[in-house]
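Here's the letter readout for the chains.
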Amino acid sequence: MTRTADFSKYINEGYQFKGESITLGGAMLNGEALADTFVKVPLKTLNRHGLIAGATGTGKTKTIQVLSEQLSSFGIPVLMMDIKGDFSGIAKAGEAKPFITERHAKINLPYEPESFPVELLSLSRQNGVRLRATVSEFGPVLFSRILDLNDTQAGVVAVIFKYCDDKQMPLLDLKDIKKVINFITEDGKEEIEEHYGKIATSTTGIILRKIIELEQQGGDIFFGEKSFEIDDLMRIDENGKGYVNILRLTDIQDKPKLFSTFMLSLLAEIYQQMPEKGDADQPELVIFIDEAHMIFNEASDALLDQIETIIKLIRSKGIGVYFITQNPMDVPASVLAQLGLKIQHALRAFTAKDRQAIKQTAENYPISDYYKTDEVLTSLGIGEAFVTALNEKGIPTPLAATMMRAPMSRMDVLTEAEIAEINAKSKLVKKYAEAIDRESAYEMLTQKIEAANQQAEAEAETQQEQRKNNEPSTAEVIGKSVTKVVTSATFIRGVFGILNKLFRK
């Protein structure tokens, strides 16, 4: 048996699964794609998370598109966090162009253009389904970690949440919690100290500045009602396809704090609300996080700990999380260790640092008798990648240089008219279009302060009126003054002196 035949057998046995699977492409040896040697991922292990990495222009976006299409075809919804705005074409069918049909002919995989159901989501003022969450939903621990507070400051935030719970004052948006902070340091200072202990104004000042920083990054738009419901990410269309929910983030690339805030709150909310699934035959939802370095570069140690914890636990809920970045070293080792599927596109060795990164990357993959991993990493072409997954027993599959299949949907962005058409047909756009500003901590404290001020003014007026009533009239004052003068010793002596002079005459 030839080396090529040995390799084909090795790959086909390593990627043979009992249950359903998605096909990523065909295995390659010595730079050539082999027919009928398919590289697949079992649906059963897609909740074990993953990494899609590679240099700019090597085909990461198209790989995510392929994964999303395959998942949708099996009725598995997708949430795609689209930083660059180049993913929306999945809503329209692609074209069977010659370079696409030639690629698929090499691996003997049919190509059929197809479109997929899409919802366009937005954290900002872009058109689409508006995503919001309330401050209360975050809770004091998560809110403190997002603000990167120390233990003392986080304790004050916990007191704020406790005070609002005790007083039944909802914390919905950032103006609510800012109002509470102002209240406990001014008008309500004595009340807080009596029931919850003394709070330093220096501490509340730091918290307030952190909130303003978050607000300036768009947090004032994100925090509020109507809160987005997790169930709306799990929708299936009338043809049995899972919805591909595209969160367009093109206008918040320079606001990593808002991006991190949303991602972490979403994962936490999903973990809290979703029931345990155990080892199900397929995931409930798969989340793709593009430009993942934006999260990890800006995250505090506390935030990284929170991300790592959620990544470990959320897979039991049937949720798979996939990070997309240029260099796998962008992802902390503690998170990288949790990722079952790895798709590594080409890396470029321009500097000594690049070569070191390639060496480290190669060490993260299974040893192969068929590849010198570090050398192949720099020679992969566009749309080619190293792949290793987990089989149904949780064992890594053989490392395979793979010619990735082409997306069946459009490999280009939607036009503004097409985006408007999708939003016009969306039920979720209508559902979340209206921003609700019901009575919450801001309004309740404002009323409380106004009532206290009105009471203080009324008491002041009453006291002033009482003083007026107790004061003597002008006539009484003059009479008392005259009497005082007339009865004074000096006046009497003066009168007697005048009378003596008159009698002497």
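We now turn to the structure provided with this report. Keep in mind that what you see is a predicted model, and the values were worked out from it rather than measured.

**Some thoughts on the pairing of strand 12 (residues 400-404)**
Burial within strand 12 is extensive, with five of its five residues counted as buried. Burial of strand 12 is two-sided: the residues Ala400, Thr402 and Met404 facing one way and the residues Ala401 and Met403 facing the other way are all buried. Here strand 1 (residues 21-29) pairs with strand 12 via four bridges, running antiparallel. Its bridge partner being in strand 12, Ala27 is matched across the sheet by Thr402. Pairing between strand 11 (residues 384-388) and strand 12: four bridges, direction antiparallel.

**Looking at the sheet that holds strand 11**
Strand order in the open sheet made by the twelve strands is 2-1-12-11-10-3-9-8-4-7-5-6, with mixed pairing throughout. A strand with exactly one partner marks an edge of an open sheet, and here the two such strands are strand 2 (32-42) and strand 6 (129-130). Sheet topology places strand 8 (residues 285-289) next to strand 9 (residues 319-325); five bridges connect them, and they run parallel. Bridged to Leu285 within strand 9 is Ile319.

**Quick look at the packing of helix 5 (residues 151-166) against helix 8 (residues 201-222)**
Packed helices, taken two at a time, are described by the angle between their axes plus the distance between the axes. Contact pair helix 5 / helix 8: the axes reach a minimum separation of 10 Å and the direction vectors enclose 85°. Taken together, the axes of helix 5 and helix 8 lie roughly perpendicular to each other. Counted together, Thr152, Gln153, Val156 and Val157 of helix 5 and Thr203, Thr204, Ile206 and Ile207 of helix 8 form the full contact between these two elements. Class assignment of the residues belonging to the contact of helix 5 with helix 8 gives a composition of four nonpolar, four polar and no charged.

Here is what the cut-offs are and how they apply
- Residues numbered from 1 in each chain as written.
- Predicted model: local features only at pLDDT ≥ 70, side-chain atom pairs only at ≥ 80, totals over all residues.
- Heavy atoms only, no water.
- Buried < 20%, exposed > 50% of the residue type's maximum accessible area, 1.4 Å probe, protein only.
- Helix = DSSP H or I, 4+ residues; strand = E, 2+ residues; numbered from the N terminus.
- Pairing = 2+ DSSP bridges.
- Axes fitted to C-alpha atoms, helices over the stretch in contact; angles between N-to-C directions.
- Parallel < 35°, antiparallel > 145°, perpendicular 65-115°, else oblique.
- Contact = heavy atoms within 4.5 Å.
- Nonpolar A, V, L, I, M, F, W, Y, C, P; charged D, E, K, R; others polar.

By themselves these figures say nothing about function.
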